[in-house]
Amino acid sequence: MDELRSARRGQPALPPLAPDTYARGHAAFEALSDQRALIGRHLSARLAGRGAGPVSLLSVGCGDGSLDAPQAAALADVSPARPVRYVGVDPYEPSTAAFAAAMAALGRDNLTAEVHTATFAEAPVGGAFDVVTFVHSMYYVPDVAATLRAAHDLLLPRGELLVLSAPRGALNLLVDVLAPPVDEHRQWFSDDIAAGVAAAGATPEETVTLEGRLSLDGAGDEVLDFAVQARLTPELRPLVRAYLEAVSVACPTSGVLHVPHPVDVHCLRRAA
Ligand SMILES: C[S@@+](CC[C@H](N)C(=O)[O-])C[C@H]1O[C@@H](n2cnc3c(N)ncnc32)[C@H](O)[C@@H]1O
């Protein structure tokens, strides 16, 4: 990290990832991690705990819907059948098109899916929801506390707002050092969410951490660029790779090396 810091000292910000490069890098990055499977199981268990009856979910920063479509199917497939409303919001049109296609491909008659190509602040989302999720998307909003308040206002009584964000661990130190600002702010990590919750005057439930693992096997340039959230130069890439190898740890059972890839689940619940 010292070498990276000194290589960057006095240099202009690195270029941000273009939306298409970001989406491709995200898919390649997640393919090397078990974190998405952990998130999928965690969300399924929480949603299953909500019981019978109509259910509505808003996914903010839904991306291509690869995480949401299985959740929508599971919500739709309970017996007795019930109406499910599933809404996605994302500013990147190819992702919202993929979200719409993934929901349509489920072919569930009791599922109503909608998607808005917009930031959360600009999305014309109507109605209220049992669950609102931000899975790895709160990093990019202009103001965490204001976003939490607006999302909380969309909850039905006993509704849950779930914000899944990375802690500022070894992996995301890279973002702090290398990523350019997003709309003039740095990316918000899990401690910023906790501070935003306090600033919003809300009382959170206990935060749960899902301990994902990222493998570096076959990690190409797009994975490294996604990891640092910037377009790296050829000179910086070996330093980033060496840093990731240095922070890798061995699995106690298999001995296989991985980079810790945790995510915190923050939960705010609306009163009955
Ligand atoms: C790391 S991806 C996560 C996608 C998806 N939730 C998943 O886990 O597969 C972050 C997503 O947030 C979206 N995003 C960025 N800024 C946003 C904003 N202000 N409001 C809503 N979504 C945003 C991006 O376009 C991107 O699809």
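Heads up: the structure comes first, above all this text.
Residues numbered from 1 in each chain as written. Predicted model: local features only at pLDDT ≥ 70, side-chain atom pairs only at ≥ 80, totals over all residues. Heavy atoms only, no water.

Novice: I tried to follow the site of the ligand on my own but got confused; where do I start?
Specialist: Close to the ligand lie 16 residues; Tyr22, Arg36, Gly61, Asp90 and Val135 are nearest. In this structure, a nitrogen atom belonging to the ligand sits 3.0 Å away from a main-chain N or O atom of phenylalanine 120. One of the backbone nitrogen or oxygen atoms of valine 135 is found 3.0 Å away from a nitrogen atom of the ligand. Coverage of the ligand by the protein chains reaches 90% of its 600 Å² of free accessible surface. (Near = heavy atom within 4 Å. Polar contact = N/O pair within 3.5 Å; in protein donor to acceptor, adjacent residues only side chain to side chain. Areas by Shrake-Rupley, 256 points an atom, 1.4 Å probe, with all protein chains shown as cover.)

Novice: Looking at this structure, I do not really get the packing of helix α9 (residues 221–228) against helix α10 (residues 236–246). What am I missing?
Specialist: The geometry of a pair of packed helices is captured by two quantities: the angle between their axes and the separation between those axes. With their axes 11 Å apart at the nearest point, α9 and α10 run at an angle of 75° to one another. The angle between α9 and α10 falls in the class roughly perpendicular. Residues Asp221, Leu224, Asp225 and Val228 of α9 touch α10, and the partners they reach there are Arg237, Val240, Arg241 and Leu244. A per-class count over the contact of α9 with α10 returns 4 nonpolar, no polar and 4 charged. (Axes fitted to C-alpha atoms, helices over the stretch in contact; angles between N-to-C directions. Helix = DSSP H or I, 4+ residues; strand = E, 2+ residues; numbered from the N terminus. Parallel < 35°, antiparallel > 145°, perpendicular 65-115°, else oblique. Contact = heavy atoms within 4.5 Å. Nonpolar A, V, L, I, M, F, W, Y, C, P; charged D, E, K, R; others polar.)

Novice: How should the environment of tyrosine 140 be read in this particular structure?
Specialist: Along the chain, tyrosine 140 turns up in the loop between β4 (129–135) and α6 (144–153). Its relative accessible area of 25% is what places tyrosine 140 among the partly exposed residues. Those residues in contact with tyrosine 140 that lie beyond four places of it in its chain are Tyr22, Val182, His185, Gln187 and Gln229. (Buried < 20%, exposed > 50% of the residue type's maximum accessible area, 1.4 Å probe, protein only.)

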